[in-house]
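Remarks on the overall topology
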Amino acid sequence: MTSYEKVKAARSESRPGALDYISNIFSSFIEFHGDRKFGDDGAIVGGLAYLGDIPVTLIGIERGKNTLERISRSFGSPNPEGYRKAVRLMREAEKFSRPVITIVDTSGAYCGVGAEERGQSEAIAESITTMIGLSVPTLALLIGEGGSGGALALMAASEVWMLENSVYSVISPEGCASILFKDAKEASKAAENLKLTAEDALEFGVAEKIIPEDNLGSPEFYSSLKSMMEGKIRSMMGRDDLAYERYLRFRKFGESR
Amino acid sequence: MAINFPYRPKNELERHGRGGEPRHGEKELTCPNCHRTLSESILENNYYICSCGYHYRIGARTRIEMIVDPGSFEEMSESIKPNDPISFPGYGEKLEKARRESGEEEAVVTGKATIGGIEVMLFAMDPFFMMGSLGSATGEKITLVFERAIEEHLPVIGWSSSGGARMQEGLLSLMQMAKTSGAVKRHSEERLLYISVLTDPTTGGVSASYAMEGDVILAEPGATIGFAGKRVVEAMTKEKTDRSFQTSRFVFEHGFVDSIVERSDERRILYELLSFHTGR
């Protein structure tokens, strides 16, 4: 597949969404709502669940399955309230020493007048800063599109795992093409140049693992992913150097020393 | 483009007349707000503020010289320069153009200086270098400022001026948002002060990381500050935005900056803030 074909695959409506992963991998999910400041954002779902017998905090970005749901979830583009809800849940997880698992799928943070009024920038900055400094194990799973700062806000994790056909990019290929090549139709070329595939991310060290999609959405797919996640989370539990290790994980990008 | 100012600022030019006689053959600048043309030496003597109050965009070095004690600036990390990590087409030429236009090797100048005798680590972004975009070397230089500030137990002042992450470096520039945020957090955990000054423009990945993470956040008048570009928002909502949208006044009114400070007053305010926090 070309890079742009991967972008299209990552955006495909038939792919499992965050809630599918939550219901197939985790048990006893209890959803928590609201940022305790302004409102509840439909694009970000969060709460408590068990991974095997490990209690974890889950934060996912859900695009929605049908038109009505997509509208209520603003097509998976979180508003500031969503990131503030995520921050609240991360802090609660840290208080109770629970690992945090994020499931990311977004074309980017919501762009709108209200989002700007309520400080989209500040909300994303706060989410990145909170997540990167957590003392508990963190794991980010990128299942579809990882659009820029809006995705990074939930991906400042100890490890980032990407589905085989997921993409992670600083800007959408269409946005890049319209700025640089003055033509959104050059998106395919831009996608190639941006190096946004899972293999690229693995090569840069931006991702640690690629999850094969051979049987995407099947019971075997979820059970194998579950056991990998459980193993990873268990290996990080009880350690007291996770925040520093995570700092170094991000420190290495473009390091001069 | 008209800039909507909340008030007519006090202005050195209006109070004391012209700052100097124009030098022969000197460059003249036309104000994008009031269209008045003034020679560069006049503007230079007035912090590059037009008589209408418009704050011209200025280079990183000009800004640092304006604020810190004369001769106190020691630059660091001069040798850190951008490379082309993902071999992005046209990036090399873009960098060449940026170097020519700004006279800088990167979109940020960093170092140590004193303000009223108080030692401080600082970084100033340069809008003339690829619109201050955040690349790997930019992020590295800023991270090193915070790390050295931790080692030497010093406050940090940072002037942001950026259109956002540098797309020509792909994911590696996105990672700089997390890297710099991590450094800000570690600096903060040492209970050290970070003052962030938002100048025109502070948008995208820079506003969504270190620019919005200051203990104190100041903004220059009339700066564009926001996450998504105005045109992106308009395309999304299919409505024209108000002309005050994403200005300093807009983010101030919504509670995201502590104060809007005119450039002519910045040195004094920064000195007072530093004094409060260093117990002088």
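Everything numeric in this text was worked out from a predicted model, so none of it was measured.

What counts, and where the lines are drawn
Residues numbered from 1 in each chain as written. Chains lettered and ligands numbered in written order. Predicted model: local features only at pLDDT ≥ 70, side-chain atom pairs only at ≥ 80, totals over all residues. Heavy atoms only, no water. Helix = DSSP H or I, 4+ residues; strand = E, 2+ residues; numbered from the N terminus. Contact = heavy atoms within 4.5 Å. Salt bridge = Lys/Arg side-chain N within 4 Å of Asp/Glu carboxyl O. Buried < 20%, exposed > 50% of the residue type's maximum accessible area, 1.4 Å probe, protein only. Domains from an automatic or database assignment. Expected span 1.5 Å × (residues − 1). Pairing = 2+ DSSP bridges. Buried area = accessible area lost by both parts, 1.4 Å probe. Polar contact = N/O pair within 3.5 Å; in protein donor to acceptor, adjacent residues only side chain to side chain. Core = buried A, V, L, I, M, F, W, Y, C linked by side-chain atoms within 4.5 Å. Phe/Tyr/Trp six-rings, centres within 6.5 Å; stacked < 30°, edge-to-face > 60°. Lys NZ or Arg CZ within 6 Å of the ring centre and 35° of its normal.

1. Description of the side chain of B:Q168
Position of B:Q168 among the secondary structure elements: in the loop between strand 6 (156-162) and helix 6 (170-189). Look past the residues within four positions of B:Q168 in its chain and what remains in contact with it is A:L180, B:D84, B:I86, B:F88, B:Y91, B:K94 and B:M130.

2. Here we look at the pattern of salt bridges
One pass over the full model with this rule turns up 40 salt bridges over all chains. Residue A:E199 pairs with A:K6 through a salt bridge whose shortest N-O separation is 3.2 Å. Highlighted residues: A:E199 in helix 10 (residues 198-204) and A:K6 in helix 1 (residues 3-11), separated in sequence by 193 residues. A salt bridge links B:E152 to B:R148; the nearest nitrogen and oxygen atoms lie 2.8 Å apart. Among the residues examined, B:R148 registers a relative accessible area of 21% and is labelled partly exposed. Several salt bridges share partner residues, and in doing so they unite A:R11, A:R63, A:D105, A:E145 and A:E174 into one network.

3. Points about the domain arrangement of chain B
Along its sequence, chain B is carved into domain 1 (1-56) and domain 2 (58-278). Between the C-alpha centres of domain 1 of chain B and domain 2 of chain B there is a distance of 24 Å.

4. Focus on helix 10 (residues 263-278) of chain B
Residues and elements named next belong to chain B. Taking 1.5 Å as the rise per residue, helix 10 with 16 residues should run 22 Å; its terminal C-alpha atoms sit 23 Å apart, in good agreement. The set of residues buried in helix 10 consists of R263, E266, L270, L273, L274 and S275. Residues of helix 10 that are buried in the fold lie against helix 3 (60-67), strand 4 (108-115), strand 5 (118-125), strand 6, strand 7 (194-203) and strand 8 (216-219). One or two positions beyond helix 10, positive phi appears at G279, with a value near 70 degrees.

5. Examining the pairing of strand 4 of chain B
All names here are of chain B. Taken across its 8 residues, strand 4 has 8 buried, putting it largely inside the fold. Both faces of strand 4 are covered, namely the face carrying V108, T110, K112 and T114 and the face carrying V109, G111, A113 and I115. Where strand 3 (residues 74-76) and strand 4 come together, 3 bridges link them in antiparallel fashion. Bridging across to strand 4, E74 finds its partner in K112. The pairing of strand 4 with strand 5 spans 8 bridges and is classified as antiparallel.

6. Quick word on the interface of chain A and chain B
Taken residue by residue, the interface counts 44 residues in chain A and 46 residues in chain B. Across the chain A to chain B interface the summed buried area is about 3,900 Å²; carbon plus sulfur atoms make up 74%. Together, A:E116, A:V170 and A:Y247 form the three largest contributors to the area buried by chain A at its contact with chain B, with a combined 16%. Run the count over chain A and chain B and you get 2 salt bridges. For the interface between chain A and chain B, the tally reads 13 residue pairs in polar contact (both at pLDDT 80 or more).

7. Section: the nonpolar core
Counting 103 residues, the largest nonpolar core has A:Y168, B:F123, B:M175 and B:Y210 as the members making the most contacts within it. Those residues in contact with B:M175 that sit more than four places away from it in its chain are A:L152, A:Y168, A:V206, A:F250 and A:F253. Counting 34 residues, the second-largest nonpolar core is a separate cluster that includes B:I64, B:A113, B:I195 and B:L274.

8. Side note on the packing of aromatic side chains
Tallying each qualifying case throughout the model produces 10 aromatic pairs over all chains. Consider the rings of A:Y21 and A:F221, whose centres lie 6.1 Å apart with planes at 75 degrees: the pair is edge-to-face. In this pair, A:Y21 is assigned in helix 2 (residues 18-25) and A:F221 in helix 11 (residues 219-236), connecting sequence segments 200 residues apart. Classification of A:F221 by relative accessible area gives buried; the value is 3%. Plain terms: the ring middles of B:F123 and B:Y194 are 6.5 Å apart, the flat faces sit at 40 degrees to each other, and that makes the pair tilted. Within this pair, whereas B:F123 is found in strand 5, its partner B:Y194 is found in strand 7, the two being separated by 71 residues in sequence. For the pair B:F123 and B:Y194, one class covers both residues: buried. Three or more aromatic residues joined by ring pairs form one cluster here, namely B:F123, B:F146, B:Y194 and B:Y210. One residue, A:K209, lies across the ring of A:W161, its end atom 5.2 Å from the ring centre. The ring of A:F250 has A:R249 lying over it, and the distance from NZ or CZ to the ring centre is 4.8 Å.

9. Thoughts on the environment of A:S3
Residues and elements named next belong to chain A. Of note, S3 is situated in helix 1. S3 sits 90 residues away from A93 along the chain, and the two C-alpha atoms are 36 Å apart. The contact partners of S3, leaving out residues within four places of it in the chain, are A191, E192, L196 and T197. Here the side chain of S3 touches E192 through a polar contact of 3.2 Å, side chain to side chain.

10. Observations regarding helix 8 (residues 173-180) of chain A
By the burial criterion, the buried members of helix 8 of chain A are A:P173, A:G175, A:C176 and A:A177. Looking at the residues trailing helix 8 of chain A, positive phi occurs at A:K182, about 55 degrees.

11. Some words on unusual backbone geometry
Here B:D200 and B:P201 are connected by a cis peptide whose omega angle stands at -10 degrees. You can see B:P201 is positioned in strand 7. Positive phi outside glycine occurs at A:S28, with the angle close to 50 degrees. Tracing the backbone through its elements, the reader meets A:S28 in strand 1 (residues 27-32). Of note in this structure, A:S148 is not a glycine but carries a positive phi near 55 degrees. Note on placement: A:S148 falls in helix 7 (residues 148-152).

12. Here we look at the pairing of strand 3 (residues 54-61) of chain A
All names here are of chain A. Burial within strand 3 is extensive, with 7 of its 8 residues counted as buried. In this sheet, strand 3 lies alongside strand 2 (residues 44-51) in antiparallel orientation, the contact comprising 8 bridges. Paired with A49 across the strands is V56, a residue of strand 3. As paired elements, strand 3 and strand 4 (residues 100-106) share 4 bridges and run parallel to each other. Bridge pairing in strand 4 places L58 opposite I101.

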